[in-house]
2 protein chains.
Amino acid sequence: MIIAKQFLSPTAQELIRENPLALQAYNEICEAILSIITPPYPYFIINNSEKNCNGVTPIKDPCYEKLENRYLWYRDKPLAYLHEDMKKGGPINLYKEFSEYGDSEENFNVGVEFETGNIASAHRSINKLRVGITIKELDLAMLILPIKSLSFYLTDRVANYEELEPYFIIINDLPFIVIGFDADEYSPVVPLLPKGRDGMSKRSVRKWYKKDKRPMDGF
Amino acid sequence: MIIAKQFLSPTAQELIRENPLALQAYNEICEAILSIITPPYPYFIINNSEKNCNGVTPIKDPCYEKLENRYLWYRDKPLAYLHEDMKKGGPINLYKEFSEYGDSEENFNVGVEFETGNIASAHRSINKLRVGITIKELDLAMLILPIKSLSFYLTDRVANYEELEPYFIIINDLPFIVIGFDADEYSPVVPLLPKGRDGMSKRSVRKWYKKDKRPMDGF
């Protein structure tokens with residue numbers, strides 16, 4: 001997969017420049033996206049025989065797996081504010097507490113949404129991350145979604161980078177990064193990516209809710 | 001109809017206290033909501049015989065009519081930023097430029113979204129209004145939606161005040177008002193409100209895009 005477009009707010013740029021933990025988070029996410037391939041090809045190639053012909057879950061799953069298995073990110077982290085106090089809103093897709101000295105006081109907490117819903121759902125993702133930042137549960141937020149030319153061959157109405165772009169003005173004041181990914185290659189003859197529900201969930205080993213049950217499964 | 005719940009950000013409260021145009025806007029919106037009735041009853045009564053049994057358009061339409069016909073609001077106002085520059089994002093549902101002395105330099109511009117979509121759509125509405133405020137096309141933003149107990153008897157998954165409430169923290173920094181309305185009465189025997197697409201559109205006399213064609217149809 002390639003990173004075709006990206007937006008880094010001024011605060012996000014400053015964090016990446018000055019905070020090694022922010023840089024580490026950014027690098028891990030970028031590496032996980034770049035590592036998405038369609039075996040046996042050593043890169044990501046997508047069927048472009050027809051509009052909306054591929055599912056998006058087979059793209060998301062290997063990215064999650066890499067982040068969980070290699071970099072020890074957690075999946076489905078509820079914001080305490082939304083869940084303990086208010087019992088509302090879904091969890092953050094991906095979450096990791098970075099710490100340079102193993103000192104929890106110095107944690108740098110990053111939340112990532114991998115958007116596979118429609119444009120309205122992308123707005124909810126942005127607002128969920130904004131809540132996390134506002135109540136200081138997150139120090140950096142990232143949103144990952146396909147660019148328009150790729151989304152044309154994915155599930156109907158999946159949000160794309162370009163349609164969200166006019167709204168970047170409202171995240172410019174936050175530590176926020178948006179990444180638009182694209183296939184390395186398009187071909188009308190490679191296999192379709194299957195559609196359907198999240199195939200990864202059952203295999204996931206690092207759901208946040210399991211965390212307290214396995215205290216040694218640390219960061 | 002009654003106004004059962006409302007949220008006014010600190011800035012919105014200050015505006016209403018100190019700016020007569022903001023107070024006028026707020027009063028016009030409240031009056032339009034309160035004036036929604038189900039004739040022949042002199043109040044709003046809704047069928048509660050079954051979950052999701054009523055449409056929401058018959059609630060929205062008389063509110064729009066009142067605001068257009070009596071208070072000269074416009075419908076479907078595109079934000080110049082989203083449309084002239086970027087060609088993205090739908091228009092604002094209701095819009096009016098308030099002016100005390102007929103001086104356009106002193107305009108106080110208000111944008112209102114009457115939310116009849118799901119919760120993700122409500123987040124998009126919030127973000128659209130946030131764009132309007134950020135680029136100073138709007139001085140005050142309002143979002144109108146049913147409270148939870150009423151939404152139970154409206155179209156499936158229509159957003160309600162309570163499910164959005166945890167997110168008010170992210171509009172606390174904006175001149176923003178959220179109004180949650182409720183029926184005056186519930187009854188299992190009154191007629192159902194029909195579902196379906198926006199029945200009002202064809203009757204609307206004050207679409208924003210028609211404005212320049214009829215310059216005398218002023219504010």
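The preceding data block contains the structure.
Quick caveat, the model's predicted, so the values are computed rather than measured. (Residues numbered from 1 in each chain as written. Chains lettered and ligands numbered in written order. Predicted model: local features only at pLDDT ≥ 70, side-chain atom pairs only at ≥ 80, totals over all residues. Heavy atoms only, no water.)

## Digging into the environment of Ala12(A)
Residue and element names in this part refer to chain A. On the secondary structure map, Ala12 appears in helix H1 (residues 10-18). A residue is classified by how much of its surface remains accessible, and Ala12, at 0% relative accessible area, is buried. Taking C-alpha positions, Ala12 is 7.2 Å from Leu140, a pair spaced 128 residues apart along the chain. Contact partners of Ala12, with chain neighbours within four places excluded, come to Leu140, Pro175, Phe176 and Ile177. (Helix = DSSP H or I, 4+ residues; strand = E, 2+ residues; numbered from the N terminus. Buried < 20%, exposed > 50% of the residue type's maximum accessible area, 1.4 Å probe, protein only. Contact = heavy atoms within 4.5 Å.)

## Quick notes on the sheet that holds strand S4 (residues 92-98) of chain A
Residue and element names in this part refer to chain A. Reading across from one edge, S1-S7-S6-S5-S4-S3 is the order of the 6 strands in this open sheet, with mixed pairing throughout. Edge strands, defined here as strands with exactly one partner in the open sheet, are strand S1 (2-8) and strand S3 (74-77). Between one strand axis and the next, the sheet turns by 30 degrees as a mean value, whatever way the strands run. Bridge count between S1 and strand S7 (residues 176-182): 6 bridges; the pairing is antiparallel. Within the sheet, the bridge partner assigned to Lys5 lies in S7 and is Gly180. (Pairing = 2+ DSSP bridges. Axes fitted to C-alpha atoms, helices over the stretch in contact; angles between N-to-C directions.)

## Points about unusual backbone geometry
Each neighbour pair has its own omega, and for Pro39(A) with Pro40(A) the value is 10 degrees, a cis peptide bond. Locating Pro40(A) in the fold gives a position in the loop between helix H2 (20-34) and strand S2 (45-47). Residue Leu72(A) is not a glycine yet carries a positive backbone phi of 60 degrees. Within the secondary structure, Leu72(A) is located in the loop between helix H3 (57-69) and S3. Of note, Arg157(B) is a non-glycine position whose phi angle comes to about 70 degrees, a positive value. With respect to the helices and strands, the residue Arg157(B) is situated in the loop between helix H6 (148-151) and helix H7 (161-164). In this structure Arg157(B) comes out as exposed when scored by relative accessible area, which is 65%.

## Brief notes about the interface of chain B and chain A
Opposite the 24 residues of chain B that make contact, chain A presents 24 residues. For the pair chain B and chain A, the two sides together bury roughly 2,100 Å², of which 70% comes from carbon and sulfur. Scanning the region where chain B abuts chain A turns up 0 salt bridges. At the surface where chain B touches chain A, the tally comes to 3 residue pairs in polar contact (both at pLDDT 80 or more). Counting residues per element, the ones that place at least two in the side of chain B that touches chain A are helix H4 (80-85), helix H5 (119-134) and H7 of chain B. No other element matches H5(B), which puts 11 residues into the side of chain B that touches chain A. (Buried area = accessible area lost by both parts, 1.4 Å probe. Salt bridge = Lys/Arg side-chain N within 4 Å of Asp/Glu carboxyl O. Polar contact = N/O pair within 3.5 Å; in protein donor to acceptor, adjacent residues only side chain to side chain.)

## Focus on the nonpolar core
Residue and element names in this part refer to chain B. Ranked by size, the top nonpolar core spans 40 residues in total, and within it Ile29, Ile59, Trp73 and Ile177 carry the most contacts. Elements supplying a minimum of two residues to this core: helix H1 (10-18), helix H2 (20-34), helix H3 (57-69), strand S4 (92-98), strand S5 (108-114), strand S6 (140-146) and strand S7 (176-182). Counting residues per element, this core draws most heavily on H2, which supplies 8 residues. Setting aside its immediate chain neighbours within four residues, Ile177 contacts Phe7, Leu8, Ala12, Ile16, Tyr26, Leu140, Ala141, Met142 and Leu143. (Core = buried A, V, L, I, M, F, W, Y, C linked by side-chain atoms within 4.5 Å.)

## So, the pairing of S7(A)
Residues and elements named next belong to chain A. Counted residue by residue, S7 has 7 buried out of 7 residues, so it is predominantly covered. Side chains Phe176, Val178, Gly180 and Asp182 of S7 all project onto a buried face; the interleaved residues Ile177, Ile179 and Phe181 project onto the opposite face, where all are buried too. Pairing of strand S6 (residues 140-146) with S7, which is carried by 6 bridges, proceeds in the parallel orientation. Pairing of Pro146 across the sheet is with Phe181, part of S7.

## Looking at the pairing of S5(B)
Successive side chains on a regular strand alternate, one facing one side of the sheet and the next facing the other. Residues and elements named next belong to chain B. For S5, the buried fraction is high: 7 of the 7 residues fall into the buried class. By the alternation rule, side chains of S5 split into Phe108, Val110, Val112 and Phe114 and Asn109, Gly111 and Glu113, which are all buried. With 5 bridges joining them, S4 and S5 adopt antiparallel strand pairing. Within S5, the residue paired with Lys96 across the bridge is Val110.

## Let's talk about the relation of the copies chain B and chain A
Think of it as a corkscrew move, a rotation about one axis and a shift along it, taking one chain copy to the other. Least-squares fitting of chain B to chain A yields an RMSD of 0.0 Å, with the transformation described by 0.0 Å of translation along the axis and a rotation of 180 degrees. Both chain copies can therefore be described as sitting about a two-fold axis. Across chain B, the smallest distance between a C-alpha and the rotation axis is recorded for Ala120(B), namely 2.5 Å. A high fraction, 100%, of the interface residues of chain B reappear at the interface in chain A, so the copies pair face to face through one surface. (Least-squares fit on C-alpha atoms with pLDDT ≥ 70 in both.)

## Things to note about the packing of H2(B) against H3(B)
All names here are of chain B. Following both chains from N to C, one finds H2 and H3 inclined at 140 degrees, their axes separated by 8 Å at the closest point. In terms of axis orientation, H2 runs oblique to H3. Where H2 crosses over H3, the handedness of that crossing is right-handed. Across the interface between the two elements, Glu28, Ile29, Glu31, Ala32 and Ile33 of H2 pack against Cys63, Lys66 and Leu67 of H3. (Parallel < 35°, antiparallel > 145°, perpendicular 65-115°, else oblique. Left-handed = near helix turned anticlockwise from the far one by under 90°.)

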